[in-house]
Amino acid sequence: GVRKKKKRMIREDKMPTAVDVIRSDLDARDLYRNVVQTKLEDAKAEYLFQAKQVGENNGDVDRFEVSELLSLLRDAATAADK
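Residues numbered from 1 in each chain as written. Predicted model: local features only at pLDDT ≥ 70, side-chain atom pairs only at ≥ 80, totals over all residues. Heavy atoms only, no water.

A. Layout of the environment of Lys52. Among the structural elements, Lys52 can be located in helix H2 (residues 18-56). For Lys52, a relative accessible area of 51% gives the class exposed. It is 9.3 Å that separates the C-alpha atoms of Lys52 and Phe64, two residues lying 12 residues apart in sequence. (Helix = DSSP H or I, 4+ residues; strand = E, 2+ residues; numbered from the N terminus. Buried < 20%, exposed > 50% of the residue type's maximum accessible area, 1.4 Å probe, protein only.)

In structure tokens form, the structure reads like this:
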């Protein structure tokens, strides 16, 4: 398993350097930040779309579909927690 893999990497001098580990961590943060940003932009667009639908239906708030908006906001929160 993992121990054998680590031993092999040490023997073959293939362990990542500190710079590699930090760079990888920063890359992961950038990816998660991008996911959060995209989900929030999608949530904003969904909200504006739903608000427009309500406006086009004489303010009938029953027309506001919250499920997609909540899903996008949950996805953004999940990505932010990582």
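B. The packing of aromatic side chains, seen in detail. With the rule as written, the count across this model stands at one aromatic pair. Ring centres of Tyr47 and Phe64 lie 6.0 Å apart, and the angle between their planes is 55°; on these two criteria the pair is classed as tilted. Residue Tyr47 is found in helix H2, and its partner Phe64 is found in the loop between H2 and helix H3 (66-81); the two are separated by 17 residues along the sequence. Judged by its relative accessible area of 44%, Tyr47 falls in the partly exposed class. Judged by its relative accessible area of 23%, Phe64 falls in the partly exposed class. (Phe/Tyr/Trp six-rings, centres within 6.5 Å; stacked < 30°, edge-to-face > 60°.)

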